[in-house]
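The chain contents come next:
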Amino acid sequence: MIKDFLTQSEEMLEKAGCKNIQQHDNHQAPGLDIHEMGGCRMGTDPKTSLLNEWNQLHHCKNVFVTDGVCMTSTGNQSPSLLYMALTAGAVGHAVREMKKGKV
């Protein structure tokens, strides 16, 4: 899988116009050094974001997304504690909304 990942990554980067691409395999088990981010942006405007401030889909109120997909980038440290905080906030909001009959 890693060899395929490296090959396909290089092909995509070349097609995007990148040059001097270097492959590197750190020989770690898959998943130990990645934190996938982005793809389902959080924001206040449904025209520019998919999630509201509670990580709830703007257009589907019974769906909450509480992993790294809501963040457009990350620093160099593990975001796991932030994921837990986002989840706790989303759960609290979901419970309040359920009690009101809105979810």
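See above for the structure.
Computed from a predicted structure; not experimentally measured. (Residues numbered from 1 in each chain as written. Predicted model: local features only at pLDDT ≥ 70, side-chain atom pairs only at ≥ 80, totals over all residues. Heavy atoms only, no water.)

Visitor: Is there a simple way to explain the overall build of the protein in this structure?
Guide: The helix and strand tally for the protein stands at two helices and two strands. Here the C-alpha atoms of the protein give a radius of gyration of 18 Å, more than 25% beyond the 13 Å that 2.2 N^0.38 yields for 103 residues. Principal axes of the C-alpha set define a box for the protein whose edges measure 55 × 30 × 25 Å. Buried positions account for 19% of the 103 residues belonging to the protein. Split by element, the accessible area of the protein, about 7,800 Å² in all, is 57% carbon and sulfur. Put simply, the protein has 10 plus and 11 minus side-chain charges, and the middle of one group is 14 Å from the middle of the other. (Helix = DSSP H or I, 4+ residues; strand = E, 2+ residues; numbered from the N terminus. Rg over C-alpha atoms; globule rule 2.2 N^0.38 Å. Buried < 20%, exposed > 50% of the residue type's maximum accessible area, 1.4 Å probe, protein only. Areas by Shrake-Rupley, 256 points an atom, 1.4 Å probe, with all protein chains shown as cover. Lys, Arg positive; Asp, Glu negative; His and termini not counted. Charge placed at Lys NZ, Arg CZ, Asp CG, Glu CD.)

Visitor: What should I look at first to understand the side chain of His58 in this one?
Guide: With respect to the element layout, His58 can be found in the loop between β1 (56–57) and β2 (60–64). Judged by relative accessible area, His58 falls into the buried class, the value being 12%. Of the polar contacts made by the side chain of His58, one reaches the side chain of Ser49; its length is 3.1 Å. Not counting residues within four places of it along the chain, the set of residues in contact with His58 comprises Gly43, Thr44, Asp45, Pro46, Ser49, Leu50, Leu51 and Asn52. (Polar contact = N/O pair within 3.5 Å; in protein donor to acceptor, adjacent residues only side chain to side chain. Contact = heavy atoms within 4.5 Å.)

Visitor: For this particular structure, what's the right way to read the state of the cysteines?
Guide: Linking two cysteines covalently through their sulfur atoms gives a disulfide. Counting across every chain of the model gives zero disulfides. With no disulfide of its own, Cys40 has Cys70 as its nearest cysteine by sulfur position, at a separation of 8.1 Å. For Cys40, a relative accessible area of 11% gives the class buried. (Disulfide = S-S within 2.5 Å.)

Visitor: Would you take a moment to explain the nonpolar core for this structure?
Guide: Among soluble globular proteins, nonpolar side chains are generally buried collectively. Core analysis: the biggest nonpolar cluster contains seven residues, these being Cys40, Leu51, Val65, Cys70, Met71, Tyr83 and Leu86. Ignoring any residue separated from it by four or fewer positions in sequence, one finds Cys40 in contact with Leu50, Leu51, Leu57, Val69 and Cys70. (Core = buried A, V, L, I, M, F, W, Y, C linked by side-chain atoms within 4.5 Å.)

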